[in-house]
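One-letter residues, chain by chain:
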Amino acid sequence: MALTAVLRLPARALLRPWALLRGVALGRTEAAAGIRNGARRFGSQHVLVEPAAAAGVAVMKLRNPPVNSLSLELLTELVISLEKLENDKVFRGVILTSDCPSVFSSGLDLRELCGRNPARYAEFWKAVQEMWLRFYLSNLVLVAAINGACPAGGCLLSLTCDYRVLADNPKYLMGLNETLLGIVAPFWFKDSIMNTIGHRATEQALQLGSLLPPAEALQVGMVDQVVPEDQLLSTALSVMAKWLAVPDHARQLTKSMIRQATADRLLKQRDADIQNFVSFISKDAIQKSLQTYLEKLKQKKG
Ligand SMILES: CC/C=C\C/C=C\CCCC/C=C/C(=O)SCCNC(=O)CCNC(=O)[C@H](O)C(C)(C)COP(=O)(O)OP(=O)(O)OC[C@H]1O[C@@H](n2cnc3c(N)ncnc32)[C@H](O)[C@@H]1OP(=O)(O)O
């Protein structure tokens, strides 16, 4: 960033050096535009973060076109973006949404699960764990504004949030569909959904790999609200206002009291979970089934 551009920045940006780094990552024009509008706006290649109209709230948008598949890069950038917001005392809540049309996130990037070497699988799985742990235990209020399809890892990401609002569109299917790919959702995926929809509903949803349309997702408790698409963000902001009306320290300790035990189950066996994943995903039969699934997805268009 040129010195003249730095000098034009408001003092508060200079007090936060990472805000300048974000500007570099965004490119000078976009960063400058954000600041000119009086709003600090930052991002990385795959995650865009901008302050919402409400004080203390940021909107975090996934932008890994075409379908926001959770690659190693996107997972890493999500964690870094959340950490930056947590360290910036201005922010108390985050609305998580998608910048890609009609897909919130297509889940883990299937290309990360096929044809890689064990070291890369291990690195990728560590990043999936990290994303889940950091979002699940975040001190901030997280509201998911789900503006598209939300299968598998996309659903997991939304389940880390404190509240989920889903746009009412029959194409926006949501759920943990791993069994349909011939793979098994790990215990912490299962814990996330079971803590949300309960034991019996999980028995069905997880074994069947159900992808639910909005009305059913609402009925089972996978989401808290279904609203017309054009009201998604305003609803998420209203929900956020209600959550932010509670004193942070009391809400944060309560959240931790409810969630820490679930996170600890993974924290106690992170390495074993990585080894399990690597040996499971490396099996020929699993690789075959994933490749067939990926090919079917690609052929869908033809
Ligand atoms: C004992 C057990 C121990 C350990 C357990 C170990 C391992 C197992 C755990 C693994 C957990 C896995 C979790 C996951 O998240 S797996 C991913 C599952 N995701 C899906 O099933 C969704 C697949 N995608 C879709 O259904 C559709 O793409 C979607 C999201 C509805 C959007 O539809 P549409 O807009 O029509 O877009 P296209 O289908 O045409 O897709 C465009 C383009 O993107 C490619 N693509 C789609 N999804 C993915 C993906 N997840 N990863 C990578 N690429 C994806 C698709 O193939 C198209 O590519 P093209 O090249 O043809 O343009």
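Residues numbered from 1 in each chain as written. Predicted model: local features only at pLDDT ≥ 70, side-chain atom pairs only at ≥ 80, totals over all residues.

In the annotation of an unreviewed UniProt entry, the protein chain is listed under the name Enoyl-CoA delta isomerase 1, mitochondrial and assigned to Sus scrofa. The UniProt entry for the protein chain carries this comment under Function (unreviewed entry): "Key enzyme of fatty acid beta-oxidation. Able to isomerize both 3-cis (3Z) and 3-trans (3E) double bonds into the 2-trans (2E) form in a range of enoyl-CoA species, with a preference for (3Z)-enoyl-CoAs over (3E)-enoyl-CoAs. The catalytic efficiency of this enzyme is not affected by the fatty acyl chain length." Here the protein chain is described in UniProt, under the heading Subunit (unreviewed entry), as follows: "Homotrimer." (UniProt positions renumbered as here; feature names shortened; annotations may be inferred.)

Visitor: Please set out the sheet that holds strand β3 (residues 57-62) residue by residue, giving values where relevant.
Guide: With respect to topology, 7 strands assemble into an open sheet ordered β1-β2-β3-β4-β5-β7-β9, the strand pairing being mixed. Of all strands in the sheet, those with a lone pairing partner are β1 (42-43) and β9 (225-227), marking the two edges. Looking at chain direction, strand β7 (residues 163-167) and β9 are connected through 3 bridges and run parallel. Considered in β9, the bridge of alanine 167 is made with valine 227. Packing of helix α12 (residues 232-244) onto the sheet brings it into contact with β3, β4 (93-98), β5 (141-146), β7 and β9, and relative to β5 it is tilted by some 165°. (Pairing = 2+ DSSP bridges. Helix = DSSP H or I, 4+ residues; strand = E, 2+ residues; numbered from the N terminus. Contact = placed C-beta atoms within 7 Å. Axes fitted to C-alpha atoms, helices over the stretch in contact; angles between N-to-C directions.)

Visitor: Explain the site of the ligand to me, using residue names and the numbers behind them.
Guide: Around the ligand sit 30 residues in total, of which Ser106, Gly107, Leu108, Ala152 and Gly153 are the nearest. Elements that contribute at least two residues to the shell around the ligand include exactly α6 (110-113), α8 (152-159), α14 (270-281) and α15 (284-299). (Near = placed C-beta within 6 Å.)

Visitor: Residues and numbers for the confidence of the model for the protein chain, please.
Guide: When pLDDT is low, close inspection of the predicted coordinates is not appropriate. Mean pLDDT over the protein chain works out to 89, with 86% of the residues at or above the 70 mark. Residue range residues 1-38 is modelled with pLDDT below 50. Its contacts to residues more than four positions away, or to other chains, number 33 contacts. Interface confidence for the predicted complex, given as ipTM, is 0.98, next to a pTM of 0.90. (pLDDT = per-residue confidence, 0-100.)

Visitor: Quick rundown of the packing of helix α9 (residues 187-197) against helix α13 (residues 248-267)? Include the residues and the values.
Guide: Helix-helix packing is described using two parameters, namely the angle between the two axes and the distance between the axes. Put simply, α9 and α13 touch, their axes get as near as 10 Å, and they point 170° apart. In this view, α9 runs roughly antiparallel relative to α13, as classed from their interaxial angle. Residues Phe187, Trp188, Asp191 and Asn195 of α9 lie in contact with α13, whose contacting residues are Thr262, Arg265 and Leu266. Looking at the contact of α9 with α13 residue by residue, the classes come out as 3 nonpolar, 2 polar and 2 charged. (Parallel < 35°, antiparallel > 145°, perpendicular 65-115°, else oblique. Nonpolar A, V, L, I, M, F, W, Y, C, P; charged D, E, K, R; others polar.)

Visitor: An account of the environment of isoleucine 95 is requested, with residue identities and associated values reported.
Guide: In this fold, isoleucine 95 is placed in strand β4. For the pair isoleucine 95 and glutamate 229, spaced 134 residues apart in sequence, the C-alpha to C-alpha distance is 15 Å. Every residue in contact with isoleucine 95, bar those within four places of it in the chain, is listed here: Ala52, Val57, Val59, Val143, Ala145, Ala236 and Met240.

Visitor: How would you explain the environment of leucine 253 if you had to name every residue and give the values?
Guide: Within the secondary structure, leucine 253 sits in helix α13. C-beta crowding within 10 Å serves as the criterion here: with 11 such atoms nearby, leucine 253 is assigned to the exposed category. For the pair leucine 253 and asparagine 139, spaced 114 residues apart in sequence, the C-alpha to C-alpha distance is 8.7 Å. (Buried ≥ 20, exposed ≤ 12 C-beta atoms within 10 Å, placed from the backbone.)

Visitor: Just give me the short version of the packing of helix α7 (residues 118-136) against α13, but keep the residues and values in it.
Guide: Running from N to C, α7 and α13 cross one another at 165°; their axes reach a closest spacing of 10 Å. As the angle between them shows, α7 and α13 are arranged roughly antiparallel. As α7 packs across α13, the resulting crossing turns out to be left-handed. Contacts from Gln129, Leu133 and Tyr136 of α7 reach α13 at Arg259, Ala263 and Leu266. In terms of residue class, the contact of α7 with α13 is built from 4 nonpolar, 1 polar and 1 charged. (Left-handed = near helix turned anticlockwise from the far one by under 90°.)

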